[in-house]
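A closer look at the structure
Chain by chain, the residues run as shown.
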Amino acid sequence: MSSYQLRDTATRRLLARGLADYAAAEADVDRLTDELEHDLAANGEGTGRIRLRLDVEKVTAGTLETVGHHVLLLGVDDAPMPLL
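Along every chain, residues carry numbers that run from 1 in the direction the sequence is written. In keeping with the predicted nature of the model, local features appear solely for residues at pLDDT of at least 70, side-chain atom pairs appear and are counted solely at 80 or more, and the whole-chain, interface and lining totals rest on all residues. Note that water and hydrogens are dropped before the side-chain values are worked out from all heavy atoms of the structure.

**Section: the pattern of salt bridges**
Every case where a carboxyl oxygen of Asp or Glu lies within 4 Å of a side-chain nitrogen of Lys or Arg is listed as a salt bridge. Within this structure, the stated rule accounts for five salt bridges. Residue Arg31 pairs with Asp28 through a salt bridge whose shortest N-O separation is 2.8 Å. With Arg31 and Asp28 both in helix α1 (residues 22–42) and three residues apart, the pair spans about one turn of that helix. For the exposure calls, accessible area comes from a 1.4 Å probe over protein chains only, and a residue counts as buried if that area is under 20% of its type's maximum, exposed if over 50%, partly exposed in between. For Asp28, a relative accessible area of 10% puts it in the buried group. Where salt bridges share partners, they join Arg7, Arg12, Asp55 and Glu57 into one cluster. Strands here are runs of E lasting at least two residues and helices are runs of H or I lasting at least four, both read from the DSSP assignment and numbered beginning at the N terminus.

Printed below as a string of structure tokens:
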């Protein structure tokens, strides 16, 4: 039986594991994005155009296979700052 997990591409840190299928991994990417934006706002920090790269990995009998990539761009909806 296969499961899926999410890993930060740059740091190789495992962010989520034991996800049932690719759709569950996609949903977890959305959850992670919302959680990060919420945490930054709670700390009074703007997202400042953060870019995260995540790998979706399929795990079958202990073997990892990268089956998808996501690039999250946080803060792209921020209003532009006027030039002084």
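**Some words on the environment of Ile50**
Mapped onto the elements, Ile50 comes out in strand β3 (residues 50–60). A C-alpha to C-alpha distance of 5.1 Å links Ile50 and Leu74, two positions 24 residues apart in sequence. What makes two residues a contact is simply this: any of their non-hydrogen atoms within 4.5 Å. Filtering out sequence-adjacent residues up to four positions away, Ile50 remains in contact with Leu40, Leu72, Leu73 and Leu74.

**Here we look at the packing of aromatic side chains**
A pair of Phe, Tyr and Trp rings is counted when the ring centres sit within 6.5 Å of each other, with Trp represented by its six-membered ring. The angle between the planes then sorts it: under 30 degrees is stacked, over 60 is edge-to-face, the rest tilted. Counted by the stated rule, this structure contains one aromatic pair. On the basis of an interplanar angle of 90 degrees and a centroid distance of 6.3 Å, the ring pair of Tyr4 and Tyr22 is categorised as edge-to-face. Residue Tyr4 is located in strand β1 (residues 2–8), and its partner Tyr22 is located in helix α1; the two are separated by 18 residues in the primary sequence.

Function cannot be inferred from these measures alone, as they are strictly geometric.
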